[in-house]
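# Survey of secondary and tertiary structure
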Amino acid sequence: MFEVVTLGTSASAPSIQRNVTASVVIYRQYRFLVDCGEGTQRQILRSGIGFRRLDRVLLTHGHLDHILGLAGLISTFSRWEASEGIDIYGSRRALGRVRDLIFKVVLRGASSNLRITFNEVKPGVILSDSSFELRAFPVEHKGRDSIGYIFQKRPRRPFLEEKAAALGVPFGPERRQLVQEEAITLKDGRVITPDDVLGPMIPGTKLVYVGDTDRVDNLVEFVQDADALIIEATYLTGDEELSKHFGHITAMQAAKLAKVAGVGRLILNHISRRYQGPEVAAEAQAIFPNAVVARDLDRFEIRNKAA
Ligand SMILES: [Zn+2]
Ligand SMILES: [Zn+2]
């Protein structure tokens with residue numbers, strides 16, 4: 001399961017109800033801050049998730065409504081004695097702007113105990129361990145250097161408790177061996193193979209995060225079969241001219257993408273201040289019923305739709 005907390009859900013500038021874009025994705029020991037608009041520090045405090053282990057920042061692109069909060073966050077972190085360091089991931093262009101913000105504006109040559117690493121992201125695997133993989137893919141938004149992120153658990157075969165019990169497989173290391181696809185021999189000499197107690201392979205839970213984008217047709221292959229898709233819905237149909245001009249999509253476009261790609265759940269953010277939210281949700285739900293417009297400080301649990 002992935003947990004998502006939407007810290008800010010407004011496009012370009014904050015409104016009374018919504019702060020600018022930032023979200024946190026939590027999986028086991030990992031906590032990824034995805035984008036960091038102005039005022040994100042306070043949203044983190046309000047959310048109750050705290051700053052501990054919030055040490056990885058994934059940037060979708062370098063527009064100011066997605067990065068300005070890093071100035072305040074890094075200023076705060078750099079004053080803490082026990083700060084653990086921060087790893088920032090993004091495109092070359094986004095990182096260039098963030099470097100200027102941090103080194104020319106925030107630190108200005110002052111020494112800091114904070115370890116900051118800049119990791120230029122190219123499409124492909126960014127991080128992986130035995131149970132999880134984080135991948136990046138290209139997104140077009142006023143140019144070609146925006147990035148989307150795929151959080152995906154590895155596929156696995158479920159352990160069939162009832163079958164194991166019927167075969168007399170004891171609790172303990174034998175079960176672990178079977179899960180690791182190794183056969184075991186019981187005390188009475190019977191050999192139990194993984195196929196006896198493991199079900200068919202099910203794909204790992206998949207969460208896709210697309211930031212700002214000006215088209216969706218090129219995203220289908222990356223979004224395909226995701227359990228949840230988080231994507232902007234800056235405008236409504238009727239305001240397509242504005243949407244095209246500013247390099248964004250409408251709620252209808254987001255919903256069509258979710259439908260075509262067979263997504264489980266659609267979570268919309270980056271909402272223009274001209275809307276309240278319910279009208280954006282209604283437009284999306286007419287095409288893709290399992291759609292919501294995220295509010296600031298909402299929490300979502302992303303589970304495997306196939307499990
Ligand atoms: Zn934006
Ligand atoms: Zn943007």
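Presented here is a report on the structure given in the accompanying data block. (Residues numbered from 1 in each chain as written. Chains lettered and ligands numbered in written order. Predicted model: local features only at pLDDT ≥ 70, side-chain atom pairs only at ≥ 80, totals over all residues. Heavy atoms only, no water.)

### Points about the coordination of the zinc ion (ligand 2)
Applied cut-off: Each metal's donors are the N, O and S atoms found within 2.8 Å of it, except that Na, K and Ca use a 3.2 Å limit; water is left out, so coordination can look incomplete. Numbering of helices and strands starts at the N terminus; helices are DSSP runs of H or I of at least 4 residues and strands are runs of E of at least 2. The rule is simple: take the accessible area with a 1.4 Å probe, protein chains only, and divide by the maximum for that residue type; under 20% is buried, over 50% is exposed, in between is partly exposed.
For the zinc ion (ligand 2), every protein donor is listed as His61 (NE2), His63 (ND1), His141 (NE2) and Asp212 (OD), and the spread of their distances is 2.2 to 2.4 Å. As a motif over one chain, the donors of the zinc ion (ligand 2) read H-x1-H-x77-H-x70-D. The metal-metal distance between the zinc ion (ligand 2) and the zinc ion (ligand 1) comes to 3.4 Å, with Asp212 coordinating both. Placement of the pair is His63 in the loop between β4 (56-58) and α2 (64-67) and Asp212 in the loop between β12 (206-209) and α8 (220-223), with a sequence separation of 149 residues. The exposure class of Asp212 is buried, given its relative accessible area of 2%.

### Things to note about the pairing of strand β13 (residues 228-232)
Spelled out, the test is: A strand pair is defined by DSSP finding two or more bridges across the two strands.
Most of β13 is tucked away, with five of its five residues classed as buried. Along β13, one buried face is formed by Ala228, Ile230 and Glu232 and the opposite face, lined by Leu229 and Ile231, is buried too. Two strands pair when backbone bridges link them, and β12 and β13 are joined in this way by three bridges, in the parallel orientation. When the bridges of β13 are listed, Tyr209 appears paired with Ile230. Where β13 and strand β14 (residues 266-269) come together, four bridges link them in parallel fashion.

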